Amino acid sequence: MKVGFIGTGSMGSLLVDALVRSGALEASDVVVANRTQAKAERLAAAYPGMTAAASNRELVLQCDCAFLCIKPSEFKTVLQELRPWAREDQIVVSITSPVLIQQLEDQLPCRIAKVIPSITSGVLSGVSLCMFGSRMTVPDCCLLEGLLSHISEPLLIDEQYTRVVSDLSSCGPAFMAFLAQRLVDAAVEVTGIDPDEAVAITSAMLLGTGKLLTEGGMTPKELIQRVSVPGGITQQGLQLLRQETDGVFQKLIRTTHDKYREDLEKVQAALYGEEVNGP
């Protein structure tokens, strides 16, 4: 099976690397294309046997499955390029959250899916959010989930919950890393601890915490209760955090949703020339 990737930016190249490195795909079964041809050629050169297509048309003619790893603003042009050559038996997978499955089914005759990956796929971990269009068959779904299972845990979700689940799975690593960096910065400023040492300790702590919440079977609430002793230092710190972060994460979710709705409207206007009330 030939699998193509249109767009070799940060996430496109991460997916290619993870799928090949994990053994999900052989390099010889991968075709890449990019608006800047040289970028596709550089990526392909790093994996002997991989092909850099000269155009999106060339890629779609070769592949059984094609991942669209592009920005919302690029979809109109790319879909116009693919439409004359796309086949009904092909699977086209978008990794762009504000592009809806129905919009893709309107534009292409293919079997359509949407997958929201995470940077954690780079270490063969985390989850990939999966949504399947009306033309996807059971074997199609199993095929795609099988690929993704090599680099993540495929999680089937309803498209209406794309944004909030993406906040947790895809934006979440950046949000957690931001909080970790703020903790490190404060430790360095207040105590003078070496910054590299503080980062190493915090990173190891996050790894262990993740294992407790997964392999250890703990919930976040249970972990807090285990660490926090009444009258102890952790409890004092938690009281401060509760006071200072009250309402912050609600604002965070509202902010990401506002941006998502804005992007939905831009995509709808680009594809159909009208606004949309999206999920």
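Our structure is the block above this text.
Caption draft 1: Here's a closer look at the environment of isoleucine 201. Of note, isoleucine 201 is situated in helix α9 (residues 195–213). Of the residues examined, isoleucine 201 reaches a relative accessible area of 48% and is grouped as partly exposed. Separated by 17 residues in sequence, isoleucine 201 and valine 184 have C-alpha atoms that sit 9.3 Å apart.

Caption draft 2: Here's a closer look at the layout of surface pockets. Approximately 920 Å³ is the volume found for the second largest pocket. Lining the second largest pocket are 36 residues, and of these Cys69, Ile70, Lys71, Glu74 and Thr96 lie nearest its centre. Per-element tally for the lining of the second largest pocket: the top contributor is helix α4 (residues 75–82), with three residues. Of the residues belonging to the lining of the second largest pocket, the class tally is 15 nonpolar, 14 polar and seven charged.

Caption draft 3: Main features of the pairing of strand β1 (residues 3–6). Of the two faces of β1, both are covered, the one formed by Val3 and Phe5 as well as the one formed by Gly4 and Ile6. Here β1 runs beside strand β2 (residues 30–33); their pairing, made up of four bridges, is parallel. Residue pairing across strands places phenylalanine 5 opposite valine 32, the latter belonging to β2. With respect to chirality, the unit in which β1 leads through helix α1 (residues 10–21) into the neighbouring parallel β2 is right-handed. As paired elements, β1 and strand β4 (residues 65–68) share four bridges and run parallel to each other. Counterpart to isoleucine 6 in the pairing with β4 is leucine 68.

Caption draft 4: Spatial organisation of the packing of helix α7 (residues 162–169) against helix α8 (residues 172–191). Here α7 crosses α8 at 45°, and the two axes come no closer than 5 Å. When the axis of α7 is compared with that of α8, the two are oblique. Judged by residue contacts, Ser166, Asp167, Leu168 and Ser169 of α7 engage Gly172, Pro173 and Phe175 from α8. Residues of the contact of α7 with α8, tallied by class, amount to three nonpolar, three polar and one charged.

Caption draft 5: Quick peek at the pattern of salt bridges. Throughout the structure, instances matching the rule amount to ten salt bridges. The residue glutamate 159 makes a salt bridge to lysine 114 at a minimum N-O spacing of 2.8 Å. Note that glutamate 159 is positioned in the loop between β8 (153–156) and α7 and lysine 114 in strand β6 (residues 111–116), a separation of 45 residues in sequence. No difference in accessibility class separates glutamate 159 from lysine 114, as the two residues are buried. For lysine 259, the salt bridge identified is with glutamate 262, shortest N-O distance 4.0 Å. With lysine 259 and glutamate 262 both in helix α12 (residues 248–272) and three residues apart, this pair spans about one turn of that helix. In this structure glutamate 262 comes out as partly exposed when scored by relative accessible area, which is 38%. One continuous salt-bridge network, built from bridges that share partners, spans Lys259, Glu262, Asp263 and Lys266.

Caption draft 6: Representation of the pairing of strand β5 (residues 91–94). Burial along β5 is two-sided: the residues Ile91 and Val93 and Val92 and Ser94 are all buried. Taken together, the four bridges between β4 and β5 define a ladder with parallel strand orientation. Each bridged residue has a counterpart across the sheet, and for leucine 68 the counterpart in β5 is serine 94. In this view, the connection linking β4 to its parallel neighbour β5 by way of α4 has right-handed handedness. Where β5 meets β6, four bridges bridge the pair, whose relative direction is parallel. Bridging across to β6, serine 94 finds its partner in lysine 114. Remark: the β5/helix α5 (residues 101–107)/β6 crossover connection has right-handed handedness.

Parameters at a glance
Along each chain, the written sequence defines residue order, and numbers are assigned to residues from 1. Only residues with pLDDT of at least 70 get local features here, since the model is predicted, and only at 80 or more are side-chain atom pairs given and counted; chain-wide, interface and lining totals rely on the full set of residues. Note that the side-chain values use all heavy atoms of the structure and ignore hydrogens as well as water. Think of it this way: any DSSP run of H or I at least four residues long counts as a helix, any run of E at least two long counts as a strand, and we number them from the N terminus. Accessibility here uses a 1.4 Å probe with only protein chains present; expressed as a share of the type maximum, an area under 20% marks a residue as buried, one over 50% as exposed, and anything in between as partly exposed. A cavity, in this analysis, means grid points on a 1 Å lattice covering only the protein atoms where a 1.4 Å probe fits yet has no way out; a pocket is instead an open set bounded by protein on both sides within 12 Å along at least five of seven lines, and a residue lines either one if it has an atom within 4 Å of a point. Grid points are joined across faces, edges and corners, and a volume is the space filled by probe spheres set on the points. Side-chain classes follow a simple rule in which Ala, Val, Leu, Ile, Met, Phe, Trp, Tyr, Cys and Pro form the nonpolar group, Asp, Glu, Lys and Arg form the charged group, and the remainder, Gly included, forms the polar group. In short, DSSP must find at least two bridges between two strands for them to pair. Looking down the strands as they point away from you, a crossover is right-handed if its path from the first strand over the helix to the second goes clockwise. Every angle, taken between N-to-C directions, lies between 0 and 180 degrees, and every axis is a line fitted to C-alpha atoms, over only the stretch in contact when it is a helix. Here is the rule for angles: anything less than 35 degrees is roughly parallel, anything more than 145 is roughly antiparallel, 65 through 115 is roughly perpendicular, and the remaining ranges are oblique. Here a residue-residue contact requires only that any non-hydrogen atoms of the pair lie within 4.5 Å. Any Lys or Arg side-chain nitrogen found within 4 Å of a carboxyl oxygen on Asp or Glu counts as a salt bridge.

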